[in-house]
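Here's the letter readout for the chains.
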Amino acid sequence: MIETRSVGRRVERVDALSKALGTAAYVEDIQVPGMLHAALTRSFSPHAVVTVEEAPARSAPGVEGVLSSATIGTVAPGGPSFDPACHDFERDPAFDPQPGDFRLFDRRVRYVGEPVAAVAARTRKEAQAAADRVDVRYRPLTSAVSIEDAIAMDAVVIHDSISSNIADTFRVATGDPESAFAGADRVVESGFDTPRQKQCQLEPTGCLVIPATDGRMEVWTSHQSPHRARSTLAHLFSIPETRLRVVNPEIGGAFGKADALTAEPYALALSLVTGSPVRLVFSRTEDFVGTEARHPMVAEVAMSLSAEGLITGVKARCRVDWGAYRSHSPRVLRVIANQFLQTYDIPNADIEVVGVFTNTPVAGAFRGYGGPQSVFALEHMMDVAARSVGVDPLAFRKRHRMRDGVPWGPQGRPLDLSGFDETLRVASETFGWGDSTAPPPESHLRRGRGMAMTSWKSGIAGKPGSIDLSGATVCLNRDGTVDLRVAAIEMGTGIRTTLAQICADTLGVAVGSVRTVPADSAATPFDSGANASRSLYRCGQAVMAAATKARDRMLASAADILEVDAADLTVADGVVFAVGAPGYGISVADLARRALMKGVDIVETAYTEFENAPTYAVHCAEVDIDIDTGELTVNRMLAVQDVGTAINPTIVEGQIEGATHQGLGYALTEELIVDEGGVLVNGNLMDYTVTYAGDGPTIEVQIVECPDPTGPFGAKGAGEPSIMLPAPAVANAVLDAVRVSVTSLPLTPEKLLAALTDRNSDEGLPV
Ligand code: SMO
């Protein structure tokens, strides 16, 4: 049994002070002697064959290098396609080209904003001016900017290597859905559409590449997976991985957009041709078009119900807009499909998700990774179904939630639903689910309540064709401090602090003596990256395993020195001592020094086991709707989540609150709009109505702790589930308030008013 001293405490974040004081260095803050600034020339056409003339840019003031389709072969021989999501080394065979993979400076552009040339110059202004002077000629091709057009348009396909714009179809079917629907007492069905959402992280995307004196290229980037990025970049530029070092400086948020290569290949290419350090930082409008967004989806969903009011089957037909290139989309497609079946025990199902290429900016990873789309549709259908059979939505959910004890995860462990039940209990009690609501303050307002719930995972272990691995190295220094080398990405999640807590308590030293080094592909063991709610669970497992080995080494070394059996020794507060005789011991600092004199350096590396852990979340919302204007106010938003163990309650509350806030934006205001010409209409922070910290209600967060035996100190993944639930909880509250089902996100006043008008002209839904 390990004594915990910092786990469970609100330990101050190790990066709090530097970020508050502004001394923390992000890509844009790093200055290197001789550094050049880069800018990209981006396509004005959604679909065209391009001819690029570099000469006007080459002769512009301050220019040191220009690259386009004409010259990229000098640094990327053969101009190979690559996977911006950096999963191409996981393909079998590795780097096997797939339709829709990206190519640097293809002779054909497929969306407005696709880079067609890159320029490096002495100043940022000169680089931008030169990029504007690159002469691009377009021979336009027919374009398809919507899912419907892309499917209907068979004259022009966006990628020649496949015969249509249908990129991929994924289907999960269980039981006998046809019979379930044929024999149903009733069927409820609805159409859904969900928007393109943008991460809107604070830090503009950027990358700095530095040619090091030893011939290596250092790539400083906010990328969420330095090891995966290194493999793909090495492949793209035909250079050995040892020649690349991918490092994270501080990161100002990512939310999935930095799990793909965007600025990196261009900065690296320009650095290779100029031999100089090159920094490329996107403008905010470039960030909207040049980094990946959440996939828009349209779907039809139906549920069949028995005479007893039980769900007998579910069917879904979903079409998902991939944008112009492949990237994360095949994986997101599978999450969308599978997430329909993660939360409830529905015996018969037929879920089909179709991915479509369009001439729009690339869709990819965004916190939740497909979950928000299907959870919105499924959770709203749960309420529609519950109402159609006259059952309370909470009781209806309890009746259908997945079964305890079924084999789950990569090892087939029996599923433990105690955390789910506890989360539901805390949510309904805290919210007062069964209580009657106070009437709204004015007669033109209608008040309603809604809930939504989901089950999610901690990482991706168990997904076919993917790696989910983290390593950690624990190094004990001569002064008793500890370097923790782990490629955990601090993108705002507090991971450096929580891993230090896990390491400190496992070793028996003070949390302040442990320093988690920044992720660095040259110094930290392999890590699959900061995604899929995996970092604390997976890196935490590795840290705990490595620290346990280091502790064993400490005890063995101390046994020699103290002449006490190792089994009779323990460590606490940085001192190794005999159990029952706290006065007889040696400080960890002394031990490290004396062990080294005997030829023992206490450095241990360990990796995660192949495991996963289920997590649960329940949200409740109360809304007021103005029936004259359609205006919607969220009065209360409660987020309850089972996190296993809260290693640091302040940090995990921040994760849940942030995700809920981002989910409220998805519910109410956020939608990146592409016009008929493929141009982003609102791709800037003035017009894209991301919600700010002061918008909306105070989010109430309740942590539930049902430890998972496979997690570090019982902790599970926490970063994503709460982004999926505000939209359905709010839509369900709307249904409760005014008896209309609004299934198009965001739930704008215009849509609500139109739905209210429609309801008044017919009778609306059964209630
Ligand atoms: S959307 Mo995340 O980087 O799993």
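Here the structure is shown first, and the text comes after it.
As the structure is a prediction and not an experimental result, all values here were calculated from the model. (Residues numbered from 1 in each chain as written. Predicted model: local features only at pLDDT ≥ 70, side-chain atom pairs only at ≥ 80, totals over all residues. Heavy atoms only, no water.)

S.K.: Can you help me understand the sheet that holds strand β5 (residues 115–121) in this one?
M.R.: One key point about sheets: their strands pair by backbone hydrogen bonds, in either a parallel or an antiparallel sense. In spatial order, the strands read β3-β5-β1-β12-β9-β10-β11; together these seven strands make up an open sheet with mixed pairing. The open sheet is flanked by β3 (63–68) and β11 (244–247), the only strands paired with a single partner. Going across the sheet, the axis of each strand differs from the next one's by a mean of 20 degrees, ignoring polarity. Judged from the five bridges that link them, strand β9 (residues 206–211) and strand β10 (residues 217–221) form a sheet pairing that is antiparallel. Bridge pairing in β10 places C207 opposite T221. (Pairing = 2+ DSSP bridges. Helix = DSSP H or I, 4+ residues; strand = E, 2+ residues; numbered from the N terminus. Axes fitted to C-alpha atoms, helices over the stretch in contact; angles between N-to-C directions.)

S.K.: Whenever I open this one, the environment of L569 confuses me. Can you help?
M.R.: Its location among the elements puts L569 in strand β22 (residues 569–572). Sequence-wise, L569 and A121 are 448 residues apart; in three dimensions their C-alpha atoms are separated by 62 Å. Apart from the residues within four sequence positions on either side, L569 is in contact with L555, A558, A559, L562, V564, V576, F577, A578 and V579. (Contact = heavy atoms within 4.5 Å.)

S.K.: Would you mind going over the nonpolar core with me for this structure?
M.R.: Inside soluble globular proteins, nonpolar side chains tend to come together where they are buried. Residues V301, M303, F340, L632 and V730 are the most contacted members of the largest nonpolar core, which totals 97 residues. Excluding residues that lie within four positions of it along the chain, V301 makes contacts with V188, E189, S190, F192, V314, K315, A316, F340, A377 and M381. Membership of the second largest hydrophobic core comes to 47 residues, among which are L36, F102, Y111 and Y325. (Core = buried A, V, L, I, M, F, W, Y, C linked by side-chain atoms within 4.5 Å. Buried < 20%, exposed > 50% of the residue type's maximum accessible area, 1.4 Å probe, protein only.)

S.K.: Help me out: how do you make sense of the packing of aromatic side chains in this one?
M.R.: Pairs of aromatic rings are described using the distance from one ring centre to the other and the angle between the two planes. The final tally for this structure, using the stated rule, is 10 aromatic pairs. Summarising the aromatic geometry, the rings of F82 and F102 are spaced 5.9 Å apart at their centres and angled 85 degrees between planes, so their arrangement reads as edge-to-face. One end of the pair, F82, is in the loop between β3 and β4 (108–109); the other, F102, is in the loop between β3 and β4, and 20 residues separate them in sequence. Every member of this aromatic cluster is reached through a ring pair, and the members are F82, F102, Y111 and Y325. Between the NZ or CZ atom of R42 and the centre of the ring of F282, over which it lies, the distance is 4.9 Å. Across from the ring centre of F366, 4.1 Å away, lies the NZ or CZ of R294, which sits over that ring. (Phe/Tyr/Trp six-rings, centres within 6.5 Å; stacked < 30°, edge-to-face > 60°. Lys NZ or Arg CZ within 6 Å of the ring centre and 35° of its normal.)

S.K.: Would you explain the state of the cysteines in this entry?
M.R.: A covalent bond bridging the sulfur atoms of two cysteines is what the word disulfide describes. Counted according to the given criterion, the structure contains zero disulfides. The cysteine C86 is free of any disulfide, with C207 supplying the nearest cysteine sulfur at 12 Å. Using a relative accessible area of 0% as the deciding quantity, one classes C86 as buried. A disulfide-free cysteine, C706 has its sulfur positioned 17 Å from the sulfur of C620, the nearest such atom. A relative accessible area of 18% means that C706 is categorised as buried. (Disulfide = S-S within 2.5 Å.)

S.K.: So what exactly am I meant to see when it comes to helix α12 (residues 418–431) here?
M.R.: The α-helix winds at 3.6 residues per turn, so residues separated by three or four positions along the chain end up facing the same way. Relative to the 20 Å expected for 14 residues at 1.5 Å per residue, α12 spans 20 Å between its end C-alpha atoms, a close match to the ideal helical length. Regarding α12, the residues found buried are G419, F420, T423, L424, V426, A427, S428 and F431. Buried residues in α12 make contact with α11 (393–400), β18 (445–456), β26 (615–626), β27 (632–642) and β28 (699–704). G432 sits one or two residues past α12 and shows a positive phi near 70 degrees. (Expected span 1.5 Å × (residues − 1).)

S.K.: Quick question: what am I supposed to make of the packing of helix α14 (residues 535–562) against helix α15 (residues 588–597) here?
M.R.: Contact pair α14 / α15: the axes reach a minimum separation of 10 Å and the direction vectors enclose 80 degrees. With respect to their mutual orientation, α14 and α15 come out roughly perpendicular. Residues M554, S557, A558 and I561 of α14 lie in contact with α15, whose contacting residues are V588, L591, R594 and A595. Of the residues that constitute the contact of α14 with α15, the class distribution is six nonpolar, one polar and one charged. (Parallel < 35°, antiparallel > 145°, perpendicular 65-115°, else oblique. Nonpolar A, V, L, I, M, F, W, Y, C, P; charged D, E, K, R; others polar.)

S.K.: What is the right way to look at the packing of helix α10 (residues 371–388) against α11 in this model?
M.R.: As a packed pair, α10 and α11 sit with axes 9 Å apart at the nearest point and diverge in direction by 110 degrees. With respect to their mutual orientation, α10 and α11 come out roughly perpendicular. Between α10 and α11 lies a crossing of right-handed hand. Together, E379, M382, D383, A385 and A386 of α10 and P393, F396, R397 and H400 of α11 make up the contact between the two elements. When its residues are assigned to classes, the contact of α10 with α11 shows five nonpolar, one polar and three charged. (Left-handed = near helix turned anticlockwise from the far one by under 90°.)

Such coordinate-based values are descriptive only and should not be taken to indicate function.
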